[in-house]
Amino acid sequence: MKGPEGAKAKKAATTAPHSTAVVTAPAGTRLPPLPGNQKSAIKAKPAKQPNFSQSKPQLAPITASTNSQVVLNTSKKKENDSESDVIELGAGTAVPSHDDVDLFRVITTIISLNLNDLTPIKPIPKTMPVQTLFDVSERKLMRIPIKDLQNLLDCIHDHNQFTPLIIDPTGRVEVFFTYAGEALIVDCKKILVQCDLQKVMSLEEAKESLRQAVVAGLKFGKTIVFAMLNSAFAFKKYFDAGYFPASVLEQGGARFRQDAAVYEECLRPADYDRGIFVVNEDWPFRVVLTSNFDLEDYEEFLASSVTLANMMPIYIEPAGSK
């Protein structure tokens with residue numbers, strides 16, 4: 001606009017108060033340079049990465065002291081403004097403290113070592129008794145306290161030459177095997193009374209009871225204890241290749257256990273597991289005989305019941321005897 005009217009309009013625009021105008025621009029349009037010394041492009045300020053090396057506490061060296069103390073070294077923003085707190089505590093006590101965000105504590109334990117006050121370390125007691133080795137290479141009477149019975153039985157069975165025959169008039173040996181988890185006790189006197197005296201058990205049933213005990217010993221790794229008590233159980237009467245072979249009482253049961261052709265004659269279909277019968281070798285089948293006869297009488301009463309030449313006689317000394 002030219003002329004006086006144009007000059008008046010231009011003057012009114014320069015003298016009017018400032019007003020804010022909203023300018024829209026298409027996406028991707030670059031803004032013009034800003035006034036002053038500011039940069040034309042506005043960039044996001046990168047985030048400051050924390051310096052972990054600066055915040056890592058530096059532990060003070062441990063030195064000796066006469067008293068056990070825990071020293072808390074306090075560090076603040078200003079290095080000149082610091083303090084130290086000493087708390088009397090036991091040696092090695094840790095005292096965590098978190099009082100302020102701008103405050104961290106370095107905990108050092110000062111332990112006094114007085115060698116004269118140290119208690120000497122006691123040796124660890126032996127939980128297993130030292131096993132005594134017995135000479136079982138030849139047949140002879142063994143006199144032992146009952147506490148050595150298991151060691152002697154292990155020696156006899158490992159040697160595989162004799163079957164243990166335990167002579168104990170007090171009856172403690174039956175109690176010993178009752179609490180032994182790997183033992184299976186066969187009451188021979190009961191079989192004798194029911195089969196020969198009361199006639200309530202047939203000879204076939206008596207043999208079957210012996211067969212089941214022997215097979216269970218093979219399968220589950222049991223020590224079969226034939227407890228005769230104060231009876232002369234006639235084993236020879238019950239010997240049967242299909243039920244109770246004579247080799248059961250030889251070499252502590254080792255001869256019977258190692259001869260598959262012999263023990264397979266005693267097996268029945270119910271004894272197999274999916275058509276297989278496995279002899280437990282982790283806890284081998286063993287045989288022990290016990291009697292309550294006196295030491296002076298056992299040979300006379302048992303000579304006709306068992307072959308004494310195959311037995312290793314063991315006499316259990318009375319409690320308190322030396």
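See the structure above.
Residues numbered from 1 in each chain as written. Predicted model: local features only at pLDDT ≥ 70, side-chain atom pairs only at ≥ 80, totals over all residues. Heavy atoms only, no water.

Enquirer: Explain the overall build of the protein to me, using residue names and the numbers behind them.
Expert: Looking only at helices and strands, the protein has 10 helices and 9 strands in total. Looking at the protein as a whole, 33% of its 322 residues are labelled buried. Partitioning the intrachain contacts of the protein with sequence separation of at least 6 by distance along the chain shows that 71% fall at a separation of at least 24. By element, 55% of the accessible surface of the protein is carried by carbon and sulfur atoms, the whole surface being about 22200 Å². (Helix = DSSP H or I, 4+ residues; strand = E, 2+ residues; numbered from the N terminus. Buried < 20%, exposed > 50% of the residue type's maximum accessible area, 1.4 Å probe, protein only. Contact = heavy atoms within 4.5 Å. Areas by Shrake-Rupley, 256 points an atom, 1.4 Å probe, with all protein chains shown as cover.)

Enquirer: Explain the pattern of salt bridges to me, using residue names and the numbers behind them.
Expert: Counting across every chain of the model gives 9 salt bridges. Where Lys140 meets Asp135, a salt bridge forms, and the shortest distance between an N and an O atom there is 3.9 Å. Under the relative-accessibility criterion, Asp135 is labelled partly exposed at 44%. A single salt-bridge network, built from bridges that share partners, covers Asp154, Asp158 and Arg286. (Salt bridge = Lys/Arg side-chain N within 4 Å of Asp/Glu carboxyl O.)

Enquirer: An account of the packing of aromatic side chains is requested, with residue identities and associated values reported.
Expert: In total, this model carries 12 aromatic pairs according to the counting rule given. Here the aromatic rings of Phe233 and Phe235 are separated by 4.8 Å at their centres, their planes lie at 80°, and the arrangement is edge-to-face. This pair shows no difference in class: Phe233 is buried, exactly as Phe235 is. Each ring, one from Phe233 and one from Tyr238, has its centre 4.8 Å from the other, and the planes form 5°; the classification is stacked. A residue is classified by how much of its surface remains accessible, and Phe233, at 0% relative accessible area, is buried. Since its relative accessible area comes to 1%, Tyr238 is described here as buried. Taken together, the ring pairs connect Phe226, Phe233, Phe235, Tyr238, Phe239 and Phe244 into an aromatic cluster. Across the ring face of Tyr243, the terminal group of Arg268 is positioned such that the distance to the ring centre comes to 5.1 Å. (Phe/Tyr/Trp six-rings, centres within 6.5 Å; stacked < 30°, edge-to-face > 60°. Lys NZ or Arg CZ within 6 Å of the ring centre and 35° of its normal.)

Enquirer: Tell me about the sheet that holds strand 5 (residues 163-167), and name the residues and values.
Expert: Two orientations exist for strands paired in a sheet by backbone hydrogen bonds: parallel and antiparallel. If you trace the 6 strands from one edge of the open sheet to the other, you get 4-9-5-8-7-6, paired in parallel fashion. A strand with exactly one partner marks an edge of an open sheet, and here the two such strands are strand 4 (142-144) and strand 6 (183-187). Strand-to-strand twist in this sheet, taken as the mean axis angle between neighbours without regard to direction, amounts to 25°. Of the pairings in the sheet, the one linking strand 7 (residues 223-227) to strand 8 (residues 286-291) comprises 5 bridges and is parallel in character. Each residue of the ladder has a partner; that of Thr223, found in strand 8, is Arg286. The strands touched by helix 5 (residues 188-197) are strand 6 and strand 7; relative to strand 6, the strand with the most contacts, the crossing angle is about 30°. (Pairing = 2+ DSSP bridges. Axes fitted to C-alpha atoms, helices over the stretch in contact; angles between N-to-C directions.)

Enquirer: Talk me through helix 5; I want residue IDs and the actual numbers.
Expert: Of all the residues in helix 5, the buried ones are Cys188, Ile191, Leu192 and Cys195. For helix 5, the angular spread of the buried residues around the axis is 100°, confining them to a single face. Taking the backbone nitrogen of Lys189 as reference, a side-chain oxygen 3.3 Å away marks Asp187 as the first, capping residue of helix 5. Of the residues flanking the end of helix 5, it is Lys199, one or two places downstream, whose phi is positive at about 60°. (Arc of directions from axis to C-beta. Polar contact = N/O pair within 3.5 Å; in protein donor to acceptor, adjacent residues only side chain to side chain.)

Enquirer: How would you explain the environment of Ser304 if you had to name every residue and give the values?
Expert: One can find Ser304 in the loop between helix 10 (298-302) and strand 9 (311-316). For the pair Ser304 and Ala232, spaced 72 residues apart in sequence, the C-alpha to C-alpha distance is 8.1 Å.

Enquirer: Please set out unusual backbone geometry residue by residue, giving values where relevant.
Expert: Positive phi, normally seen in glycine, also occurs at Asn160, with a value near 55°. The exposure class of Asn160 is partly exposed, given its relative accessible area of 29%. Phi angles above zero are rare outside glycine, and Arg274 is one such case at about 55°. Mapped onto the elements of the fold, Arg274 is located in the loop between helix 9 (260-263) and strand 8.

Enquirer: Give me the lowdown on the pairing of strand 8, citing residues and values where you can.
Expert: Burial analysis of strand 8 places 6 of its 6 residues in the buried class, the great majority of the element. Alternating positions in strand 8 separate into two faces, Arg286, Val288 and Thr290 on one and Val287, Leu289 and Ser291 on the other, with burial throughout. Of the pairings in the sheet, the one linking strand 5 to strand 8 comprises 3 bridges and is parallel in character. Across the sheet, Leu165 pairs through a bridge with Leu289, a residue of strand 8.

Enquirer: Any chance you could break down the nonpolar core for me, citing the residues and the numbers?
Expert: Core analysis: the largest hydrophobic core is formed by 41 residues, its most contacted members being Leu165, Phe226, Phe235, Phe244, Val248, Leu249 and Leu289. For this core, the elements supplying multiple residues, two or more each, are strand 5, helix 5, helix 6 (203-220), strand 7, helix 7 (235-238), strand 8, helix 10 and strand 9. For this core, the element with the highest residue contribution is helix 6, accounting for 6 residues. (Core = buried A, V, L, I, M, F, W, Y, C linked by side-chain atoms within 4.5 Å.)

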